[in-house]
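Observations on the model geometry
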Amino acid sequence: MSMIEVKELELGYENRTILKNLSFSVNEGEYLCIVGENGSGKSTLMKTLLGLQKPVGGEIILGDGLRKNEIGYLPQQTIVQKDFPASVREIVLSGCQARCGLRPFYNREEKQLAEKNMERMGITKYAKRCYRDLSGGQQQRVLLARALCATRKILLLDEPVSGLDPVVTAEMYELIESLNKEGITIIMISHDISAAVCYASHILHIGKKIFFGTREEYMRSDTGKLFITREESAEDV
């Protein structure tokens, strides 16, 4: 059974439909990139998958034993969030909140999990530093470690390389790929078509036309060919 199955989903807000007739599924271990033009509904879809926004119609079915509180999420950062005055360790630990239930403190296992994920992301040496004093790339590693504290199964990433320089962007993509190879399912919104066809196992392209299929199918499709060519032309300018 799929980890997430979306059937005839319709999305919108303020009595305006922005996306409809959307169906796709995500299986364990897959790497899905969600691409499309600005305003096509990518972030709205992500919020709906997380249960932060209700769909106008259709349904989202969680399977394979997946629960909503087992989904790790890395959102796009706002200016206020980038200036958050807490230590790296505190922020990473906060990813364990769903595990605490009604308990008002973190136990030894949760603290060990936070330490493990800081080590995984190469940020242990920043544990006592204030989050707002870190670079953009370092902050994204902190947030990724935090998301990993919430899940061992699936990560939802909303433009995780936005605003990062090319070297740090490449490092972040490699980190995400390594997590996928460890068995974590990835669903990532990206504006970078070239990265999508490089790393993803499957691609969901939303816009005037909807495409869902494997990376290879996307590259052969009319939609894929159009947007890949358009991105290559923009890079040549």
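Summary of the structure given here. Only a predicted model underlies this, so the values are computations on that prediction, with no experimental measurement involved.

To continue, consider the overall build of the protein chain. Across its full length, the protein chain holds ten helices and nine strands. Against the compact-globule benchmark of 18 Å for 237 residues, the protein chain has a radius of gyration of 18 Å, which places it among compact chains. When its C-alpha atoms are laid out on the principal axes, the protein chain stretches across 50 × 45 × 35 Å. When the 237 residues of the protein chain are sorted by exposure, 47% land in the buried category. Only carbon and sulfur atoms are counted for the fraction: they give 49% of the accessible area of the protein chain, which is about 12600 Å². On the protein chain, the mean spot of the 31 positive side-chain charges and the mean spot of the 32 negative ones are 6 Å from each other.

Another point: the environment of L93. Relative to the elements of secondary structure, L93 occurs in helix α3 (residues 88-93). Spatially, the C-alpha atom of L93 lies 5.4 Å from that of A114, the residues being 21 residues apart in sequence.

A few words on the pattern of salt bridges. Tallied over the entire structure, the rule returns seven salt bridges. A salt bridge links R67 to E70; the nearest nitrogen and oxygen atoms lie 3.3 Å apart. For R67, a relative accessible area of 51% gives the class exposed. A relative accessible area of 17% means that E70 is categorised as buried. The closest approach of N and O atoms between E171 and R141, which form a salt bridge, is 3.9 Å. In this pair, E171 sits in helix α7 (residues 166-181) while R141 sits in helix α6 (residues 136-150), placing the two residues 30 residues apart along the sequence. The exposure class assigned to E171 is partly exposed, which follows from its relative accessible area of 35%. Residue classification places R141 among the partly exposed residues on the basis of a relative accessible area of 21%.

Okay, the side chain of S2 next. With respect to the helices, strands and loops of the structure, S2 is situated in the segment before β1 (4-13). A polar atom in the side chain of S2 sits 3.0 Å from the side chain of N27. Not counting the four nearest positions on each side in its chain, S2 is found in contact with S25, V26, N27, G63 and D64.

Time to look at α7. Taking 1.5 Å per residue, 16 residues should reach 22 Å; α7 reaches 23 Å between its end C-alpha atoms and fits that length. The set of residues buried in α7 consists of T169, M172, Y173, L175, I176, L179 and N180. Axial view of α7: buried residues confined to an arc of 155°, hence all on one face. Facing away from the buried side of α7 by over 90 degrees, the exposed positions are V167 and K181.

It is worth spelling out unusual backbone geometry at this point. For D64, which is not glycine, the phi dihedral falls at a positive 60°. Relative accessible area serves as the criterion here: at 38%, D64 is assigned to the partly exposed category.

A full pass over the atoms with the stated rule returns three aromatic pairs. Between the aromatic rings of F24 and F212, the centroid separation amounts to 5.8 Å while the plane-to-plane angle is 50°, which identifies the pairing as tilted. Within this pair, whereas F24 is found in strand β2 (residues 16-26), its partner F212 is found in strand β9 (residues 211-214), the two being separated by 188 residues in sequence. By relative accessible area, F24 is classed as buried at 4%.

A few words now on the environment of E216. Of note, E216 is situated in helix α9 (residues 215-220). The exposure class assigned to E216 is partly exposed, which follows from its relative accessible area of 39%. Expressed as a C-alpha distance, the spacing of E216 and V88, which sit 128 residues apart in the sequence, is 39 Å.

The rules behind these values
Residues numbered from 1 in each chain as written. Predicted model: local features only at pLDDT ≥ 70, side-chain atom pairs only at ≥ 80, totals over all residues. Heavy atoms only, no water. Helix = DSSP H or I, 4+ residues; strand = E, 2+ residues; numbered from the N terminus. Rg over C-alpha atoms; globule rule 2.2 N^0.38 Å. Buried < 20%, exposed > 50% of the residue type's maximum accessible area, 1.4 Å probe, protein only. Areas by Shrake-Rupley, 256 points an atom, 1.4 Å probe, with all protein chains shown as cover. Lys, Arg positive; Asp, Glu negative; His and termini not counted. Charge placed at Lys NZ, Arg CZ, Asp CG, Glu CD. Salt bridge = Lys/Arg side-chain N within 4 Å of Asp/Glu carboxyl O. Polar contact = N/O pair within 3.5 Å; in protein donor to acceptor, adjacent residues only side chain to side chain. Contact = heavy atoms within 4.5 Å. Expected span 1.5 Å × (residues − 1). Arc of directions from axis to C-beta. Phe/Tyr/Trp six-rings, centres within 6.5 Å; stacked < 30°, edge-to-face > 60°.

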